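In case you want the letters, here they are:
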Amino acid sequence: MTDAHGSPGADAGHHLEHPNYWLIWAMLAVLTMVELGVAFLPWPRAVIILLLIGMALWKALLVALYFMHLKFEKFRMRIFALAPLPLTVIIVIAVMTEFRW
């Protein structure tokens, strides 16, 4: 099947829009600078750790959605990419509890 321009395999009604990678990169850079600023604030340690974890998760989400193109994939592919996360949490908790003892 060809489209109006003769290129094979293109759907007439399907247009894939590419993300603005420079904007995503700039957002990641700004988040990194904010993380550096938060790390040196004179706030309680628990608040700083929660803020840093939140920003790290935000950055990981940006990378996964845009640079790994999960935003443009079907739901099944997203589930496939997210499936190892519970195991990661279990391993991190196990290592943290081992470190405490």
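Before reading further, recall that the structure is shown in the block above.
About the thresholds
In this convention, every chain numbers its residues from 1, walking through the sequence in written order. For a predicted model such as this one, the threshold for reporting local features is a pLDDT of at least 70, and the threshold for listing and counting side-chain atom pairs is 80 or more; totals across whole chains, interfaces and linings nevertheless cover every residue. No hydrogens and no water enter the side-chain calculation; it runs on all heavy atoms of the structure. For every element, the axis is a line fit to its C-alpha atoms; helices are fit only across the contacting stretch, and the angle between N-to-C directions ranges from 0 to 180 degrees. The secondary structure listing takes helices from DSSP runs of H or I that are at least 4 residues long and strands from runs of E that are at least 2 residues long, numbered from the N terminus. Should an angle fall under 35 degrees it is taken as roughly parallel, and over 145 as roughly antiparallel, whereas 65 to 115 is taken as roughly perpendicular and any remaining angle as oblique. Every residue pair with non-hydrogen atoms within 4.5 Å of one another is taken to be in contact. Any residue that is not Ala, Val, Leu, Ile, Met, Phe, Trp, Tyr, Cys, Pro, Asp, Glu, Lys or Arg is counted as polar, Gly included; the first ten are nonpolar and the last four charged. By convention in these notes, a salt bridge is any Lys or Arg side-chain nitrogen within 4 Å of a carboxyl oxygen on Asp or Glu. For every residue, the accessible area (1.4 Å probe, protein chains only) is compared with the maximum for its type, and the residue is labelled buried under 20%, exposed over 50%, or partly exposed between those bounds. Whenever two N or O atoms come within 3.5 Å, that pair is a polar contact, provided that in protein one can donate a hydrogen and the other can accept it, and provided that, for residues adjacent in sequence, both atoms are side-chain atoms. Helix span is expected to be 1.5 Å times the residue number reduced by one. This arc describes the spread of directions from the helix axis toward the C-beta atoms.

## Digging into the packing of helix α1 (residues 21-39) against helix α2 (residues 45-67)
- Two elements in contact, α1 and α2, have axes separated by 10 Å at closest approach and are oriented at 170 degrees. Looking at the two axes, α1 sits roughly antiparallel to α2. Each of Tyr-21, Ile-24, Trp-25, Met-27, Leu-28, Leu-31, Thr-32, Val-34, Glu-35, Val-38 and Ala-39 in α1 lies in contact with α2, whose residues at this interface are Ile-48, Leu-51, Leu-52, Met-55, Ala-56, Trp-58, Lys-59, Leu-62, Val-63, Tyr-66 and Phe-67.
- Looking at the contact of α1 with α2 residue by residue, the classes come out as 19 nonpolar, 1 polar and 2 charged.

## Structural notes on the environment of Leu-31
- Here Leu-31 is to be found in helix α1.
- Between the C-alpha atom of Leu-31 and that of Lys-59, which follows or precedes it by 28 residues, the distance is 7.3 Å.
- Apart from residues lying up to four places away in sequence, Leu-31 is in contact with Met-55, Trp-58, Lys-59 and Leu-62.

## A word on the pattern of salt bridges
- A full pass over the atoms with the stated rule returns 1 salt bridge.
- The salt bridge partner of Glu-35 is Lys-59, with a shortest N-O separation of 2.9 Å. Residue Glu-35 is found in helix α1, and its partner Lys-59 is found in helix α2; the two are separated by 24 residues along the sequence. Accessibility classification places Glu-35 together with Lys-59 in one group, the buried group.

## A word on the environment of Ala-29
- Within the element layout of this structure, Ala-29 appears in helix α1.
- Remark: the alpha-carbon pair of Ala-29 and Lys-59, spanning 30 residues in sequence, is separated by 9.5 Å.

## Overview of unusual backbone geometry
- With phi around 60 degrees, His-69 is a residue other than glycine that occupies positive phi space.
- As for its placement among the helices and strands, His-69 is situated in the loop between α2 and α3 (75-82).
- The exposure class of His-69 is partly exposed, given its relative accessible area of 31%.

## Overview of the side chain of Glu-35
- Under the relative-accessibility criterion, Glu-35 is labelled buried at 14%.
- A distance of 3.4 Å separates the side chain of Glu-35 from the backbone nitrogen of Ala-56, its partner in a polar contact.
- Residues within four places of Glu-35 in sequence aside, it is in contact with Leu-52, Met-55, Ala-56 and Lys-59.

## Quick look at α1
- The end-to-end C-alpha distance of α1, which contains 19 residues, comes to 27 Å, matching closely the 27 Å that a straight helix rising 1.5 Å per residue would cover.
- Of all the positions in α1, only Ile-24, Leu-28, Leu-31, Glu-35 and Val-38 are classed as buried. Buried residues in α1, looked at end-on, bunch into an arc of 85 degrees, giving them a common side. Facing away from the buried surface of α1 by more than 90 degrees, the exposed residues are Trp-22, Trp-25, Met-33 and Leu-36.
- Looking at the packing, one finds that the buried side of α1 touches α2.

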